[in-house]
Amino acid sequence: MRSEQLVEISRKKLAEAGIENSRFVVLLLAKEILSLSEADLILKKTEEIESPLANRYLAAVERVASGEPIDYVLGFRDFLEIRLKLSPSVLIPRNETEEMVETVIANENTSRVFADIGTGSGAIACALASHIPSAIVYATDISKEALTLAEENARKNGIHNIRFIEANNIEGLGFLLERVEVLVSNPPYVRTADIDSLDLAVRNHEPQIALDGGEDGLDFYREFFRHLPRGKKVYLEISQYETEGLLRLASKLKGYCYEFRKDFSGNYRFMILYPED
Ligand SMILES: C[S@@+](CC[C@H](N)C(=O)[O-])C[C@H]1O[C@@H](n2cnc3c(N)ncnc32)[C@H](O)[C@@H]1O
């Protein structure tokens, strides 16, 4: 089949399925699967694509048309210049999380021991470990499948300063918690009742364990604050709807001051805690 025919079929299929950004999807799939750039699609439009490759491309289009997120279809996502393999057992890393990690790297590059709690694909841990090579990063998750993938992601990116630990919240770090200087986490924070109103792509494809924060969305933070020792720097991703609840929880903490920060869309998305002087 010629590349122009493939593009035409996929445009039609995606448009019929009501997929937003169908042009972007076509270009991305062509680049990643057919190794054809936007210019190639014009200059080499009559080029014959071999059947196995054309079929792979069309199967990917079909999956996107059925509502699967393109990152799962491609099987990877780039996070602060690190290519992360993805599977349905991990959340697709978000741009907001990149923003949080950029702040951590800028503020904490002289710290030596970090922990990424709920590492998923390993996005936060890999980015910290690769941008601060003198650091050691403990990356934890309660999902074995996530940890296996996160380890693979670190290995494939040549990152060796991460230790992976199956553990529940910060309590699961045990004696290691004492050594950690900076705690970073993007935990599950969607209220259980709100899961049904999430985008279908999220609700049907991303793991529940990565999303569901319990009745008020605060289950993870409640446990986290209960076990938080004095003297740590803490960077948490949060939901804009939970700042009041988080204020209530944090007001019981001793030895900390804290602030909320907005993301690039103007929503409160991060909570940062510092030890009081
Ligand atoms: C929102 S995802 C974030 C994944 C990744 N850090 C990122 O930012 O893309 C939350 C992760 O926390 C893990 N998780 C959920 N509850 C946890 C708990 N109590 N202790 C440790 N990890 C937990 C989930 O398995 C999931 O991988």
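Reading guide: rules and limits
Residues numbered from 1 in each chain as written. Predicted model: local features only at pLDDT ≥ 70, side-chain atom pairs only at ≥ 80, totals over all residues. Heavy atoms only, no water. Helix = DSSP H or I, 4+ residues; strand = E, 2+ residues; numbered from the N terminus. Buried < 20%, exposed > 50% of the residue type's maximum accessible area, 1.4 Å probe, protein only. Contact = heavy atoms within 4.5 Å. Areas by Shrake-Rupley, 256 points an atom, 1.4 Å probe, with all protein chains shown as cover. Lys, Arg positive; Asp, Glu negative; His and termini not counted. Salt bridge = Lys/Arg side-chain N within 4 Å of Asp/Glu carboxyl O. Phe/Tyr/Trp six-rings, centres within 6.5 Å; stacked < 30°, edge-to-face > 60°. Lys NZ or Arg CZ within 6 Å of the ring centre and 35° of its normal. Near = heavy atom within 4 Å. Polar contact = N/O pair within 3.5 Å; in protein donor to acceptor, adjacent residues only side chain to side chain. 1 Å grid on protein atoms, 1.4 Å probe; cavity = no way out; pocket = protein on both sides within 12 Å on 5 of 7 lines; lining within 4 Å. Sits in = over half its atoms within 2 Å of the grid points. Axes fitted to C-alpha atoms, helices over the stretch in contact; angles between N-to-C directions. Left-handed = near helix turned anticlockwise from the far one by under 90°. Nonpolar A, V, L, I, M, F, W, Y, C, P; charged D, E, K, R; others polar. Pairing = 2+ DSSP bridges.

### Some points on the overall build of the protein chain
A tally of helices and strands in the protein chain yields 13 helices and nine strands. The buried share among the 277 residues of the protein chain stands at 50%. Across the protein chain, every contact between residues at least 6 apart in sequence was considered, and the portion connecting residues at least 24 apart equals 63%. Surface accessibility of the protein chain: about 13900 Å² in total, with carbon and sulfur atoms responsible for 49%.

### What about the side chain of E237?
Looking at where E237 falls in the secondary structure, it is placed in strand β7 (residues 233-237). One buried charged residue, E237, remains without a salt bridge, the closest side chain of opposite sign being R269 at 4.9 Å. Excluding anything up to four places from it in sequence, E237 contacts E96, T97, M100, S185, N186, P187, Y189, Y221, R269 and F270.

### Thoughts on the packing of aromatic side chains
Under the counting rule described, the total for this entry stands at three aromatic pairs. Where F220 meets Y221, the ring centres are 6.3 Å apart and the plane angle is 90°; that geometry is what we call edge-to-face. Its relative accessible area of 14% is what places F220 among the buried residues. An aromatic cluster is built from F220, Y221, F224 and F225, whose rings are joined through pairwise contacts. A cation over an aromatic ring shows up here: R83 above the ring of F76, its NZ or CZ 3.8 Å from the ring centre.

### A word on the site of the ligand
With respect to spatial proximity, 19 residues lie near the ligand, and among them G118, D141, N168, N169 and N186 are the closest. N169 is positioned with one of its backbone polar atoms (N or O) 2.8 Å from a nitrogen atom of the ligand. Taken by itself the ligand offers 600 Å² of open surface, and the protein chains cover 95% of this. If you map the ligand onto the pockets, it falls in the second largest pocket.

### So, the packing of helix α2 (residues 22-33) against helix α4 (residues 51-65)
Where α2 meets α4, the axes come as close as 10 Å, and the angle between the chain directions of the two elements is 145°. Our pair here, α2 against α4, has a crossing hand that is right-handed. Facing α2, whose interface residues are V25, V26, L29, A30 and I33, α4 presents L53, R56, Y57, A60, V61 and V64. Taken together, the residues that form the contact of α2 with α4 break down as ten nonpolar, no polar and one charged.

### Structural notes on the side chain of S121
By secondary structure assignment, the location of S121 is in the loop between β3 (113-117) and α7 (123-131). One polar contact links the side chain of S121 to the main-chain amide nitrogen of A123, over a distance of 3.4 Å. Aside from chain neighbours lying at most four places away, what touches S121 is L84, K85, L86, V90, P93, L149, A150 and N153.

### What about the sheet that holds β3?
Judged by pairing direction, the sheet is mixed, and its seven strands sit side by side in the order β5-β4-β3-β6-β7-β9-β8 without closing on themselves. Looking at the sheet topology across the chains shown, the edges are occupied by β5 (162-166) and β8 (256-262). Mean inter-strand twist for the sheet, computed between neighbouring axes without regard to direction, equals 15°. As paired elements, strand β4 (residues 136-141) and β5 share five bridges and run parallel to each other.

### Focus: the environment of V234
Positionally, V234 belongs in strand β7. Taking C-alpha positions, V234 is 8.3 Å from S185, a pair spaced 49 residues apart along the chain. With residues near it in sequence (within four places) discarded, V234 still touches L183, F224, L228, M271, I272 and L273.

### Structural notes on the pairing of strand β9 (residues 268-275)
Residues in a regular strand project their side chains so that they alternate between the two faces of the sheet. Bridge count for β7 against β9 is four bridges, and the pairing is antiparallel. Bridge pairing in β9 links V234 to L273. In terms of strand pairing, β8 meets β9 through seven bridges, oriented antiparallel. Counted as the bridge partner of K262 is Y268 from β9. Between the end of β8 and the start of β9, which pair antiparallel, lie five residues, with G266 showing a positive phi angle near 90°.

Taken by themselves, the reported measurements are silent on function.
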